[in-house]
There are 2 protein chains.
Amino acid sequence: MTDRLHPGATIGILGGGQLGRMLSVAASRLGFRTHVFEPGANPPAADVAHAVTTAPYEDEAALRAFAAAVDVITYEFENIPTSALDLLEALKPIHPNRRALAVSQDRLEEKGFLTGLGLSVAPFRPVATREDLEAAIHGIGTPAILKTTRLGYDGKGQARIMEPDDAAEAFAAMGGQPAVLEGFVRFTHEVSVIAARGRDGSVAVYEPGENVHLSGILHTTTVPARLTASQRTDAVLLAGRILNALDYVGVMGVELFVTPEALLVNEIAPRVHNSGHWTQNGCAVDQFEQHIRAVAGWPLGDGSRFADVEMENLIGHDVARVPALALERNTAIHLYGKAEARPGRKMGHVNRILRPVAGA
Amino acid sequence: MTDRLHPGATIGILGGGQLGRMLSVAASRLGFRTHVFEPGANPPAADVAHAVTTAPYEDEAALRAFAAAVDVITYEFENIPTSALDLLEALKPIHPNRRALAVSQDRLEEKGFLTGLGLSVAPFRPVATREDLEAAIHGIGTPAILKTTRLGYDGKGQARIMEPDDAAEAFAAMGGQPAVLEGFVRFTHEVSVIAARGRDGSVAVYEPGENVHLSGILHTTTVPARLTASQRTDAVLLAGRILNALDYVGVMGVELFVTPEALLVNEIAPRVHNSGHWTQNGCAVDQFEQHIRAVAGWPLGDGSRFADVEMENLIGHDVARVPALALERNTAIHLYGKAEARPGRKMGHVNRILRPVAGA
């Protein structure tokens, strides 16, 4: 707690989406102000931030002024241009660190890092050329999925290869970007572990949640997840190992495929994560506050779960259901203040408190 | 739900203190923006508001611009100058309404209103002169408490009269303001009922909380309160009667003295209330969101309690305890971002989740 931030300090947040919005709210509970840096106009986080800078990541003067106005910097998304990071990290501390960003910005680096820790991932091969892809399909088999190594998000930059003949179309879909072919894993379900590590090196891990996706976008996360006691322990331990190996500070989302034999790491996100939104209504300290605590040098908070919760995303025109959802019992609504409900756009979510946890 | 506000709408809040801050956060969860009007610089609510007007309540141009920028107006404190209300209510809807403000701004009006509903209050007499006070002491007896009829808050404008000889000093303490002498009630404890009424006339009432004061300032509120089942029902019903009689829209705090014979209404506050802060960590929909729902014309939300909770105020240098409180299990911290910890100043509060409610 030596150099912990005191109430009144300002936390800089790169990115002004819904994650930045909920980080701002959590920061306010601890007496902090936030300053959001976002290229787009009217970002969701601006409604609840003390200050907003609207400028592109290439605007060095704006970046310098932002750094001067804040005490520490964090981010709500991982695809921050390297030049902006270079400039900012010379001026103010940035958490999570550069290594965490580098690993999660590139699927190949990520898989190399994870397998280097002895963790299991789906079979994979790097793909730079059509020939690489043919060889990779030969090695891994089909079905498989081809993904750009960088900038993937919510199912973008991905193409399924159900049989070898799909290779040409999938390769074209990468648009010349370096890619990686991943073998399909016969997993029974996917779970997420939301883990946090403080500046003092302490680690706190929320109970794993079980994810269901629709059209490549997270639909629901439910806690508790279907896991055996030993799977649950394994999931928590492997998340801790990842955080420690990266000397990580903040909250990370770790997506895992569950098979009868193993837990395979699908991907890691160096930020608060959609699959951790249930913590807002299931824990005394939610993932957003946990991240702010870590970044501010506070001790991590109690992330134990006091209720079974189902989080459901409201995508696009799902927001039209809000009047009905507003009448539901034990249901907490979280809207992001976005004006236009485009298909696939995350407009909000609800947390349903299913039942309290006995003896919590 | 005909003219309910839609996400993206702006709620104007008169007053920028901690209640306005927490109203802003709740508004953001429903996709609303807030615009805070506050004469003082750097108000706590400004950190999480979309817009802030810093101007005195006498600045008509600022009031007009504020009204033009918002869709509906509410407030976080009841002592708003009448001239400002006159101007604003001609321009935009204000909830709760003028009658609720008039009743709660004046102790005599309040007591007349409550007794007119057939509710019990402490014995009282109006006091304009020294002679009134002598007669009131003669009629009510001592100990008693002399209070200005207007602008009372957190024990200010009050003087205890333990014996008739204290009268002169107590009268002087009123500074020539109209006052009311209240007889001491032999109550065993005080409870608060946080009640809400929607624009459609529906009423929702949170479970009563039990209050403990220190030096005239709320120290803790604990749910459940010590009440029999019939007292609990009575408390809820009388709160509903008050809201209906005022055609009230929004959240109200009703403080009750509990005696073996009766529940006496101590005072009503036409706003979210310190004794309702426990709802932030005990209910899916807290008092702040409930107020925003009512003001925005939404249906009231589910205020059923899923946990036993103790709220403790952090007053003045209590904030120095935050590093220790941050380590407590099942404890949610809520700080208001105030820079200076003056004695008696409300700096924040914590909600301790004591245990989940079985079958909630």
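Residues numbered from 1 in each chain as written. Chains lettered and ligands numbered in written order. Predicted model: local features only at pLDDT ≥ 70, side-chain atom pairs only at ≥ 80, totals over all residues. Heavy atoms only, no water.

If you tally the helices and strands in chain A, you get 10 helices and 17 strands. By the compact-globule yardstick of 21 Å for 360 residues, chain A fits well, its C-alpha radius of gyration being 20 Å. Its C-alpha atoms put chain A at 60 × 55 × 40 Å along the principal axes. When each of the 360 residues of chain A is scored for burial, the buried share is 59%. Long-range contacts, defined as pairs at least 24 residues apart, comprise 62% of the intrachain contacts of chain A with a sequence gap of at least 6. Distance between charge centres in chain A, computed from 33 positive and 41 negative side chains, equals 4 Å. (Helix = DSSP H or I, 4+ residues; strand = E, 2+ residues; numbered from the N terminus. Rg over C-alpha atoms; globule rule 2.2 N^0.38 Å. Buried < 20%, exposed > 50% of the residue type's maximum accessible area, 1.4 Å probe, protein only. Contact = heavy atoms within 4.5 Å. Lys, Arg positive; Asp, Glu negative; His and termini not counted. Charge placed at Lys NZ, Arg CZ, Asp CG, Glu CD.)

A few words on the packing of aromatic side chains. Residue and element names in this part refer to chain A. For the coordinates displayed, the defined rule picks out 13 aromatic pairs over all chains. Ring geometry for Y206 versus W278: centroids 6.2 Å apart, planes at 80 degrees, classification edge-to-face. Of the two residues, Y206 is situated in the loop between β10 (203–205) and β11 (209–214) and W278 in the loop between β14 (263–269) and α9 (287–295); the sequence distance between them amounts to 72 residues. This pair shows no difference in class: Y206 is buried, exactly as W278 is. Following the ring pairs from residue to residue traces out a cluster consisting of F37, Y57, F66 and F77. (Phe/Tyr/Trp six-rings, centres within 6.5 Å; stacked < 30°, edge-to-face > 60°.)

Let us now look at the pairing of β11(A). Where a strand is regular, its side chains alternate between the two sheet faces. Residues and elements named next belong to chain A. Pairing between strand β9 (residues 189–197) and β11: three bridges, direction antiparallel. Paired with E190 across the strands is N211, a residue of β11. Across five bridges, β11 lies against strand β12 (residues 217–223) in antiparallel orientation. Paired with V212 across the two strands is T220, which belongs to β12. Between the antiparallel neighbours β11 and β12 lie two residues, among them S215 with a positive phi of about 50 degrees. (Pairing = 2+ DSSP bridges.)

Residues and elements named next belong to chain B. Taken in spatial order, the four strands line up as β5-β8-β6-β7 in an open sheet, and their pairing is antiparallel. Looking at strand neighbours, the two that pair on one side only are β5 (124–127) and β7 (158–161), the edges of this open sheet. Each strand axis lies, on average, 25 degrees off the axis of its neighbour in the sheet, ignoring direction. Sheet analysis places β5 next to strand β8 (residues 179–183), joined by four bridges and oriented antiparallel. Considered in β8, the bridge of V127 is made with A179. (Axes fitted to C-alpha atoms, helices over the stretch in contact; angles between N-to-C directions.)

Residue and element names in this part refer to chain B. The four strands are arranged β3-β2-β1-β4 in an open sheet whose pairing can be described as parallel. Looking at strand neighbours, the two that pair on one side only are β3 (51–54) and β4 (72–75), the edges of this open sheet. Averaged over all neighbouring strand pairs, the angle between strand axes comes to 20 degrees, with direction disregarded. Pairing geometry for strand β2 (residues 33–38) and β3, over four bridges, is parallel. If you follow E38 over to β3, its bridge partner there is T54.

Further remarks concern the interface of chain A and chain B. On the side of chain B, 45 residues touch chain A, which itself brings 45 residues to the contact. Interface of chain A and chain B: buried area, both sides summed, is about 3600 Å²; carbon and sulfur atoms make up 56% of it. If you look at where chain A meets chain B, you find four salt bridges. As a salt-bridge pair, R33(A) and D47(B) come within 3.1 Å of each other at their nearest N and O atoms. Joining chain A to chain B, the criterion identifies 12 residue pairs in polar contact (both at pLDDT 80 or more). (Buried area = accessible area lost by both parts, 1.4 Å probe. Salt bridge = Lys/Arg side-chain N within 4 Å of Asp/Glu carboxyl O. Polar contact = N/O pair within 3.5 Å; in protein donor to acceptor, adjacent residues only side chain to side chain.)

With that settled, the discussion passes to the nonpolar core. The tendency in soluble globular proteins is for nonpolar side chains to be buried as a group. One finds F32(A), W298(A), I333(A), F32(B), W298(B) and I333(B) to be the most contacted residues of the largest nonpolar core, which totals 96 residues. Apart from residues lying up to four places away in sequence, F32(B) is in contact with R21(A), L5(B), H6(B), P7(B), G8(B), A9(B), I11(B), A27(B), I292(B), A296(B) and W298(B). (Core = buried A, V, L, I, M, F, W, Y, C linked by side-chain atoms within 4.5 Å.)

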